[in-house]
Amino acid sequence: MSPNVCIVNFYNDSGRLGLHQDRDESKERLEKGLPVVSFSIGNSTEFLYSDVRDVDSAEKVILESGDVLIFGGKSRHIFHGVSCIKPKTAPQLLNDDANLRPGRLNLTFRQY
Ligand SMILES: O=C(O)CCC(=O)C(=O)O
Ligand SMILES: [Fe+2]
């Protein structure tokens, strides 16, 4: 994979993202199942994922600063979203030294 797109999302402590599928890349790349590579920086989040668009039955995983989540192949079309941000969970140096404002930064790398 040679990523040529990076989407940057910043969530403040009340930020959320509804369940969705990532389908904006080219048909060819989606059919190949090329992955989305997602980096979390800052406050932790509760990340939801599911085969169907249903918040109540979705699986939950906590993503912490420094975590990398990869979804590709058969998982490329999972529904996923961010249900909440957990305030004051970022490594202290990110806020104090790097001056990251309270919240969570997410970078996803993809190949269009
Ligand atoms: O913030 C996240 O962990 C997910 C971001 C996302 O799903 C997207 O940018 O499409
Ligand atoms: Fe997404």
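Residues numbered from 1 in each chain as written. Chains lettered and ligands numbered in written order. Predicted model: local features only at pLDDT ≥ 70, side-chain atom pairs only at ≥ 80, totals over all residues. Heavy atoms only, no water.

Colleague: An account of the UniProt feature "domain: Fe2OG dioxygenase" (unreviewed entry) in the protein is requested, with residue identities and associated values reported.
Modeller: Taken from the UniProt record, the annotation "domain: Fe2OG dioxygenase" (unreviewed entry) applies to residues 2-112. Helix makes up 10% of residues 2-112 and strand 44%. Its end C-alpha atoms lie 9 Å apart. (UniProt positions renumbered as here; feature names shortened; annotations may be inferred. Helix = DSSP H or I, 4+ residues; strand = E, 2+ residues; numbered from the N terminus.)

Colleague: Go over the UniProt feature "binding site: Fe cation" (unreviewed entry) in the protein, please, and point to the residues and values.
Modeller: Under the local residue numbering, the UniProt record ascribes the feature "binding site: Fe cation" (unreviewed entry) to His20, Asp22 and His80. Across 61 residues of sequence, these annotated residues stay compact in space, with a maximum C-alpha separation of 8.7 Å. For His20, the location among the structural elements is in strand β2 (residues 17-20). Residues in contact with His20, not counting those within four places in the same chain, are Arg53, Ile78, Phe79 and His80. At a separation of 2.9 Å, a polar atom in the side chain of His20 contacts the main-chain carbonyl oxygen of Gly18. Excluding its chain neighbours within four sequence positions, the residues that come into contact with His80 are Gly18, Leu19, His20, Gln21, Asp22, Phe47, Leu48, Tyr49 and Phe71. (Contact = heavy atoms within 4.5 Å. Polar contact = N/O pair within 3.5 Å; in protein donor to acceptor, adjacent residues only side chain to side chain.)

Colleague: Can you lay out the coordination of the iron ion (ligand 2) for me, pointing to particular residues and giving the numbers?
Modeller: The coordination sphere of the iron ion (ligand 2), as far as protein atoms go, consists of His20 (NE2), Asp22 (OD), Asp22 (OD) and His80 (NE2), spread over 2.1 to 2.7 Å. In this structure, the iron ion (ligand 2) is coordinated by six donor atoms arranged in irregular fashion, with angles at the metal of 51 to 172°. Coordination of the iron ion (ligand 2) draws on donor residues from a single chain, spaced H-x1-D-x57-H in sequence. You can see His20 sitting in strand β2 and its partner His80 sitting in strand β7 (residues 79-86), a full 60 residues away along the chain. (Donors = N, O, S within 2.8 Å, 3.2 Å for Na, K, Ca; no water. Tetrahedral: all angles 85-135°; square planar, octahedral: opposite > 155°, others 65-115°.)

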